[in-house]
Amino acid sequence: MSSFIIYPAIDIRDGKCVRLMQGDYNQETIYNDSPLKVAKSWEEQGGKFIHLVDLDGAKAGHPVNDDIIGAIAANANVPVQVGGGLRTLADVEKLLGLGVSRVIIGTAAINDHAFTEAVLAKYGDKVAIGIDARNGFVATHGWLNTSEVRAEDLAKELAAKGAQTFIYTDISRDGMMQGPNVEGILSMAATSGRTVIASGGVTSLDDLVRLHAHSASGIGGAIVGKALYTGNIDLSEALKALDQK
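Residues numbered from 1 in each chain as written. Predicted model: local features only at pLDDT ≥ 70, side-chain atom pairs only at ≥ 80, totals over all residues. Heavy atoms only, no water.

On record in UniProt, under Pathway (unreviewed entry), the comment for the protein chain is "Amino-acid biosynthesis; L-histidine biosynthesis; L-histidine from 5-phospho-alpha-D-ribose 1-diphosphate: step 4/9." What the UniProt record of the protein chain gives under Subcellular location (unreviewed entry) is the line "Cytoplasm". (UniProt positions renumbered as here; feature names shortened; annotations may be inferred.)

A.B. asks: How do you make sense of the packing of helix α1 (residues 35-44) against helix α3 (residues 66-75) when you look at a structure like this?
C.D. replies: For any two helices packed against each other, one specifies the inter-axial angle together with the distance between the axes. Packing of α1 against α3 leaves a shortest axis separation of 9 Å and a crossing angle of 30 degrees. In terms of orientation, α1 lies roughly parallel with respect to α3. Here α1 runs over α3; the crossing is right-handed. Where α1 abuts α3, its residues Pro35, Leu36, Ala39, Lys40 and Glu43 lie against Ile68, Ala71, Ile72 and Asn75. (Axes fitted to C-alpha atoms, helices over the stretch in contact; angles between N-to-C directions. Helix = DSSP H or I, 4+ residues; strand = E, 2+ residues; numbered from the N terminus. Parallel < 35°, antiparallel > 145°, perpendicular 65-115°, else oblique. Left-handed = near helix turned anticlockwise from the far one by under 90°. Contact = heavy atoms within 4.5 Å.)

A.B. asks: Which parts of the structure should I look at to understand the pattern of salt bridges?
C.D. replies: Side-chain pairs of opposite charge can arise whenever the charged atoms involved come near each other. Taken as a whole and judged by the stated rule, the model has five salt bridges. Notably, a salt bridge pairs lysine 161 with glutamate 117, separated by 3.6 Å at the nearest N-O pair. Highlighted residues: lysine 161 in the loop between α7 (151-160) and β10 (165-170) and glutamate 117 in helix α6 (residues 113-123), separated in sequence by 44 residues. Glutamate 117 gets classed as partly exposed once you look at its relative accessible area, which sits at 31%. When the shortest N-O distance is used, the salt bridge between aspartate 207 and arginine 210 registers 3.5 Å. Within this pair, aspartate 207 and its partner arginine 210 are both found in helix α9 (residues 205-212), separated by three residues, close to a single helical turn. (Salt bridge = Lys/Arg side-chain N within 4 Å of Asp/Glu carboxyl O. Buried < 20%, exposed > 50% of the residue type's maximum accessible area, 1.4 Å probe, protein only.)

A.B. asks: Any chance you could explain the UniProt feature "active site" (unreviewed entry) in the protein chain here in plain terms?
C.D. replies: Under the present numbering, the feature "active site" (unreviewed entry) in UniProt falls on Asp11 and Asp132. Mapped onto the elements, aspartate 11 comes out in strand β1 (residues 5-13). You can call aspartate 132 buried: its relative accessible area is 19%.

A.B. asks: Whenever I open this one, the pairing of strand β5 (residues 80-83) confuses me. Can you help?
C.D. replies: Successive residues of a regular strand alternate their side chains across the two faces of the sheet. Alternating residues of β5 divide into Val80 and Val82 and Gln81 and Gly83, and every residue in both groups is buried. Relative to β5, strand β4 (residues 50-54) runs parallel, the two sharing four bridges. Bridged to isoleucine 50 within β5 is valine 80. Here three bridges tie β5 to strand β6 (residues 102-105), and the two strands are oriented parallel to one another. In the strand pairing of β6, glutamine 81 is matched with arginine 102. Handedness of the crossover joining β5 and β6 through helix α4 (residues 89-97) is recorded here as right-handed. (Pairing = 2+ DSSP bridges. Right-handed = clockwise from strand over helix to strand, strands pointing away.)

Next up, the structure:
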């Protein structure tokens, strides 16, 4: 598997594949009624890893779309990572038991340090820490709240606790088709000394090429959502282009 991975994103709300603009639940576009069909499509186009977000779970504070997530994990022949509402060890164990390869801890990384440390200690590289930032500060609860914790400080602290992988989202870029915050991603990788997956704002093949160029500096991949659904990025073409770099 390449050291730089493109993660096609499937955001699930009310059982459908949707996209939100800047995390706003009132600005939703429904792209497909079947997240499983979408997952199989990304796999058929060469996707090596699928990124799922349980938007209902992120808002509720516990996984909601378990059945759909389980069906995707069972039917996809590629690994799946899942975030959204994971707040307890039982939630994490349930998803891993469904065949999910990696879980993403987001809000709880700020609000519940004991839980986060316990998950990292028990599951190690099966855990990614999702850090969503607004103006450099961590946002929580499906981006509804902004904390007073700096994103880089949190990454450094959790790296010391065993975190191996971070997913960094600059909320101002998400769904806006403006390109990723490469400087912010690189800074987090340098500060934490860990692999950082870029999320938010990937609009074009050029964006992926820019990120890929920094793979040796800790950028381990990119989550791509809206650009795949609008056709701005063709997954199979992007995979071929990066393989040639």
